[in-house]
Amino acid sequence: MMSKAPVRGAVSVLAAALSLSLAACGGNLSSGGGGKFPSGPVTMTIGQAPGGSTDLIGRALAQGAADDLGVPMPVVNTPGANGALAAGELAGKQPDGQHIMVINASLTAITPLAAAPQEAVAIDDFEVVTGISQDDYVLVANAASGLKSVRGLVDAHRNLKFGTTGVGTGSQLSQELLFKQAGIAGTAVPFDGGSPAMTAVLGDQVDVASVQLGEAIGQIRAGELVPLVTFAAQRNQYLPDTPTAVEEGYDVRVSQFRAVVAPKGTPREVVDRLRQAFRTTFATERYRKFNEDNLLTPHEVDGAQVAQEWTGSLESYRTLIQRYGIDLGGPK
């Protein structure tokens, strides 16, 4: 017993020294590059334009995470190619945790089916910090059109124009799958986001469009747009009277999931610290209310589950488009 006393004393001295060291640097973790994390503002990149669902989610998260980390988290929008431009820029950043991104699942699970192989973005190209939420797609028609269901589209017996939020998006895939399975003749008309796609529906430029529920709910509640089906596996809690495509007999399950990622090679302790900051944010009343106000379903899973789910979705969607002979219109 006597021989252990000096060891306990040494441990106590070491613990005290470590405590002083951490206090001197604000308790920050090493970033693996010789510095401390966070060493300054942590920049959050959004691969979509300001005002959309992804942008709003990123800003709500940045506000909470900045409070937890004790440093600013400025949001930078770098729209283009469904987020591929922003993802490419992030991949070139130092893997020190000072640059992160909100990434959409469609970029890695759908866009590769429409992009040239060398341009495809994979979830494994990044360190996944955390999953965020699920945003369901809803197929809407102009209330003045008289279209109220998928059966109405089938019975139209004409080539229908369907608006999408871009090539290689969940909006496009959900409608391509539905039209093929239902035997509806249709032509895809791509737009740069949900807002212009809905404007096209309201202006009778297209017959229907698949958009994210949070973007369409205002016009739905105002009676300007009619929801025909959603494309989630189960009925959306915020639109309980609208059936899913699955309920209508069609194998179409396409939702938009999002996650926070960091450059590949970011040290594990830094990823863990970022995850802690976002989990703290998830638990706040302010962020929970944000989800409810924007009709978002939390999907706050860890990075490993995100990678597994998104990789699985890519293979599932690849099988479906091959089965139904769907061409998403990407480079040949």
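Residues numbered from 1 in each chain as written. Predicted model: local features only at pLDDT ≥ 70, side-chain atom pairs only at ≥ 80, totals over all residues. Heavy atoms only, no water.

(A) Inspection of the layout of surface pockets at higher detail. Within this model, the largest pocket holds a volume of roughly 550 Å³. What lines the largest pocket is a set of 32 residues, among which Gln48, Thr165, Asp192, Gly193 and Gly194 lie closest to the centre. Sort the elements by how many residues they give to the lining of the largest pocket and helix H7 (residues 194–202) lands first, with three residues. Class assignment for the residues of the lining of the largest pocket results in eight nonpolar, 21 polar and three charged. Its volume calculated, the second largest pocket comes out at about 440 Å³. Around the second largest pocket, the lining comprises 25 residues; the ones closest to its centre are Gln134, Ala233, Val254, Ser255 and Phe257. Broken down by secondary-structure element, the contributors of at least two residues to the lining of the second largest pocket are helix H4 (105–109), strand S6 (126–142), strand S11 (255–263) and helix H11 (303–323). Looking at which element gives the most residues to the lining of the second largest pocket, the answer is H11, with five residues. (1 Å grid on protein atoms, 1.4 Å probe; cavity = no way out; pocket = protein on both sides within 12 Å on 5 of 7 lines; lining within 4 Å. Points joined across faces, edges and corners; volume = space filled by probe spheres on them. Helix = DSSP H or I, 4+ residues; strand = E, 2+ residues; numbered from the N terminus. Nonpolar A, V, L, I, M, F, W, Y, C, P; charged D, E, K, R; others polar.)

(B) View of the pattern of salt bridges. Per the counting criterion, the structure on display carries 13 salt bridges. Taking the shortest distance from any N to any O, the salt bridge between arginine 268 and glutamate 127 comes out at 3.8 Å. Here the residue arginine 268 occupies a position in helix H9 (residues 268–282), and glutamate 127 occupies one in strand S6, the gap between them amounting to 141 residues. Take glutamate 127: its relative accessible area is 13%, and that puts it in the buried class. Salt bridges sharing partners connect three or more residues here, namely Glu127, Arg268, Asp272 and Arg275. (Salt bridge = Lys/Arg side-chain N within 4 Å of Asp/Glu carboxyl O. Buried < 20%, exposed > 50% of the residue type's maximum accessible area, 1.4 Å probe, protein only.)

(C) Here's a closer look at the pairing of S6. Taken across its 17 residues, S6 has 17 buried, putting it largely inside the fold. In terms of strand pairing, S6 meets S11 through eight bridges, oriented antiparallel. Across the sheet, residue aspartate 135 finds its bridge partner in S11, namely glutamine 256. Here two bridges tie S6 to strand S12 (residues 297–298), and the two strands are oriented antiparallel to one another. (Pairing = 2+ DSSP bridges.)

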